[in-house]
Amino acid sequence: MTTTQHDQTTKNRAETAPSLRIAVIIASIRKDRMGDVIGTWVAAGLSRSAALNGLSIHVDLIDLASVSLPSDDLLEPGGGPRSEIADLIGAADGYVLVTPEYNHSYPASLKRAIDWHYSEWMFKAAAVVPYGVQGGLLAAEHLRGVLAELNVVTTRRTVGLSSPWNDLGEEEFTPSPETDKALGDAMTELAWWAGVLSAARRDQPFAL
Ligand SMILES: Cc1cc2nc3c(=O)[nH]c(=O)nc-3n(C[C@H](O)[C@H](O)[C@H](O)COP(=O)(O)O)c2cc1C
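Bear in mind that the values here come from a model prediction, so they are computed numbers and not experimental data.

Caption draft 1: Examining the overall build of the protein more closely. When helices and strands are counted, the protein shows 6 helices and 6 strands. For the protein, the α and β elements follow one another from N to C terminus as α-β-α-β-α-β-α-β-α-β-β-α. Against the globule reference of 17 Å for 208 residues, the protein gives a C-alpha radius of gyration of 17 Å, in line with a compact fold. Seen along its three principal axes, the alpha-carbon backbone of the protein occupies a region of about 60 × 45 × 25 Å. For the protein, the proportion of its 208 residues judged to be buried stands at 45%. Carbon together with sulfur atoms contributes 53% to the accessible area of the protein, which is approximately 10900 Å² in total. Here the protein holds 17 positive side-chain charges and 26 negative ones, and the gap between their average locations is 5 Å.

In structure tokens, the structure reads:
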């Protein structure tokens, strides 16, 4: 395909593609965390991937360090009283979960945020960007099972960041071009799932 054809295809796609909302969720709430810097890199990569593919994607950043969830004694099956991020989670067509690996799983902050919501997650798509000494993949695999219970489809692509502290500046995460590409590919896959599921929720709502 020539550059002109690619530009035209991208333009056509932009005119016909629905507008999507993706929430990037930063799981770490530690004071000296790196999760916020990685989350910013992910949000930028998502916007870049949308532009390259001619998609209209609105990105919401949900930083769990800035979120106060109600006390767990109010939690019930199916969630709890409406939280301050319920509307953002409910409005999203998809999520990117940016999570460290803590003791071979993902942090309690993220589990609380997941458990505090229910219908808001249903029939959406998610990609996981885990990080740790060896890519944080155990955190990602634990998340898949939990998300399946909420009818969240996870992308095949997982962007596991191994020892990301080696590529961390003061305020910027600058990994290799290969890692940037891996993020772009995962975001493209996420956008596909988010679009497909958005149409399915609208045209064929699941009722059981
Ligand atoms: C409680 C705790 C447990 C950890 N467990 C793991 C682990 O199981 N595997 C791993 O690769 N890194 C582990 N680490 C190291 C983290 O990958 C590293 O501290 C990383 O910076 C955490 O992300 P954050 O700074 O965004 O919180 C652990 C860190 C903490 C604080």
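Caption draft 2: Structural context of the pairing of strand β1 (residues 20–26). The buried count for β1 comes to 6 of 7 residues, which makes it a mostly enclosed element. As defined by bridge partners, β1 adjoins strand β2 (residues 57–63) across 7 bridges and the pair is classed as parallel. Residue R21 lies in a different strand from β2, and its bridge partner there is H58. A crossover links β1 with its parallel partner β2, the connecting element being helix α2 (residues 35–52), and its sense is right-handed. Summarising the sheet, β1 and strand β3 (residues 94–100) pair through 5 bridges and their orientation is parallel. For V24, the partnering residue across the bridge sits in β3 and is V96.

Scoring rules and cut-offs
Position numbers for residues start from 1 in each chain and track the written sequence from start to end. Selection of residues for local features in this predicted model requires a pLDDT of at least 70, selection of side-chain atom pairs for listing and counting requires 80 or more, and totals for whole chains, interfaces and linings are taken over all residues. As a convention, hydrogens and water are excluded, and side-chain values are obtained from all of the structure's heavy atoms. Numbered from the N terminus, helices here are DSSP runs of H or I no shorter than four residues, and strands are runs of E no shorter than two. The atom set for the radius of gyration is the C-alpha atoms, and the globule formula is 2.2 Å times the number of residues raised to the power 0.38. Residue burial is assigned from relative accessible area. The probe radius is 1.4 Å, only protein chains are included, and a residue is buried under 20% of its type maximum, exposed over 50%, and partly exposed in between. For the area figures, the Shrake-Rupley method with a 1.4 Å probe applies, and any residue is considered shielded solely by the protein chains shown. We count Lys and Arg on the positive side and Asp and Glu on the negative side, and we leave His and both chain ends out. Working definition for charges: the position is that of NZ of Lys, CZ of Arg, CG of Asp or CD of Glu. Two strands form a pair only when DSSP identifies at least two bridges running between them. Here is how to tell: hold the view so the strands point away, follow the path from the first strand over the helix to the second, and if it runs clockwise the crossover is right-handed.

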